[in-house]
Amino acid sequence: KQPVRRIFIESLFNQANITEGRSGGKITYVDQNLLTRSSDAIANCSPIPESDITWIEKSEDIRKIGDSIKVCRDTLEDYDFVQSEVDTFLRENLMLKLDQQLLLGTGIAPQFTSVDSKAQVWSVGVGSPIEDMANTISNPTTFDVVSSAICQIRISGQSNSQFYNPNAILMNPVDVCQMKLEKDGESQYLLPIYFSADGMFIDGVPVFETPLVPAGTIYVGDFTKGTVYT
């Protein structure tokens with residue numbers, strides 16, 4: 001069997017099953033929209049402040065992945081293993097494409113809504129929640145950049161009290177290798193910062209290598225906030 005890349009993107013998300021015939025071709029869900037939090041300390045006999053919440057209904061079209069292969073009848077009659085091989089091959093093809101779509105789909109039909117199509121671009125520009133912190137870091141390494149991205153995600157949840165905690169960092173294998181070779185000013189490797197007994201972590205968040213991620217790009221996210229419906 002020829003090698004393929006590791007298939008794992010789907011496993012980072014929550015999982016749910018649906019019955020296609022009852023869905024009407026769509027997944028419909030409800031998000032919080034606008035929140036007003038007005039609770040406050042009040043004096044006796046004073047009016048009680050009033051909070052407010054509104055909801056917004058959203059939907060996603062169900063998207064499909066397909067594949068096929070031509071096998072002559074004689075081959076199936078002559079070789080018992082062919083049917084199993086073909087079935088395994090096609091299923092693997094579907095899972096490889098699903099992983100690619102979950103990470104890189106454009107969101108424009110028939111492609112899937114993906115991490116890339118929804119992700120906020122990391123920034124330390126004016127107004128960024130990490131602007132002040134980023135300006136204090138000299139000679140930043142890849143480790144510094146990823147750590148600041150983790151911090152940006154965690155901070156961004158405070159505006160609506162929904163705290164986000166990244167649970168995965170996705171990187172190209174070449175960039176991971178490059179990060180492993182980074183040294184300090186005394187030419188000492190920074191490797192001990194990244195590793196624990198059970199793998200590679202940055203600020204407690206596991207690093208996953210995949211060639212799906214373009215070189216020079218890193219995805220940092222709290223994938224528990226997404227669900228893959230099958």
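Residues numbered from 1 in each chain as written. Predicted model: local features only at pLDDT ≥ 70, side-chain atom pairs only at ≥ 80, totals over all residues. Heavy atoms only, no water.

**Student:** Could you give an account of the overall build of the chain, naming the residues involved and the relevant values?
**Tutor:** Scanning the chain for helices and strands turns up eight helices and nine strands. A principal-axis box enclosing the C-alpha atoms of the chain has dimensions of 85 × 60 × 30 Å. In the chain, which comprises 230 residues, the proportion classed as buried is 27%. Expressed as a percentage of contacts within the chain between residues at least 6 apart in sequence, the contacts between residues at least 24 apart total 66%. For the chain, the accessible surface area stands at approximately 15600 Å², while carbon and sulfur atoms represent 51% of it. Taken together, the 18 basic and 30 acidic charged side chains of the chain have centroids lying 6 Å from each other. (Helix = DSSP H or I, 4+ residues; strand = E, 2+ residues; numbered from the N terminus. Buried < 20%, exposed > 50% of the residue type's maximum accessible area, 1.4 Å probe, protein only. Contact = heavy atoms within 4.5 Å. Areas by Shrake-Rupley, 256 points an atom, 1.4 Å probe, with all protein chains shown as cover. Lys, Arg positive; Asp, Glu negative; His and termini not counted. Charge placed at Lys NZ, Arg CZ, Asp CG, Glu CD.)

**Student:** An account of the packing of aromatic side chains is requested, with residue identities and associated values reported.
**Tutor:** The tally for this structure, following the rule as stated, stands at three aromatic pairs. Taking 5.3 Å as the distance between ring centres and 20° as the angle between the ring planes, the aromatic pair formed by phenylalanine 8 and phenylalanine 208 counts as stacked. Placement of the pair is phenylalanine 8 in the segment before β1 (14-16) and phenylalanine 208 in strand β7 (residues 205-209), with a sequence separation of 200 residues. For phenylalanine 208, a relative accessible area of 15% puts it in the buried group. When the ring centre of phenylalanine 8 is taken as reference, the NZ or CZ atom of arginine 6 above it lies at 4.7 Å. (Phe/Tyr/Trp six-rings, centres within 6.5 Å; stacked < 30°, edge-to-face > 60°. Lys NZ or Arg CZ within 6 Å of the ring centre and 35° of its normal.)

**Student:** Explain the nonpolar core residue by residue, including any values.
**Tutor:** Core analysis: the largest hydrophobic core is formed by 17 residues, its most contacted members being Ile9, Leu12, Leu103, Leu170 and Phe223. Elements that contribute at least two residues to this core include exactly α3 (81-104) and β4 (168-171). Among the elements that line this core, the one with the most residues is α3, at three residues. With residues near it in sequence (within four places) discarded, leucine 12 still touches Asn167, Ala168, Leu170, Phe208, Phe223 and Thr224. In this structure, Phe143, Ile150, Ile153 and Val205 belong to the second largest nonpolar core, which totals 14 residues. (Core = buried A, V, L, I, M, F, W, Y, C linked by side-chain atoms within 4.5 Å.)

These results come straight from atomic positions and should not be treated as a statement about function.
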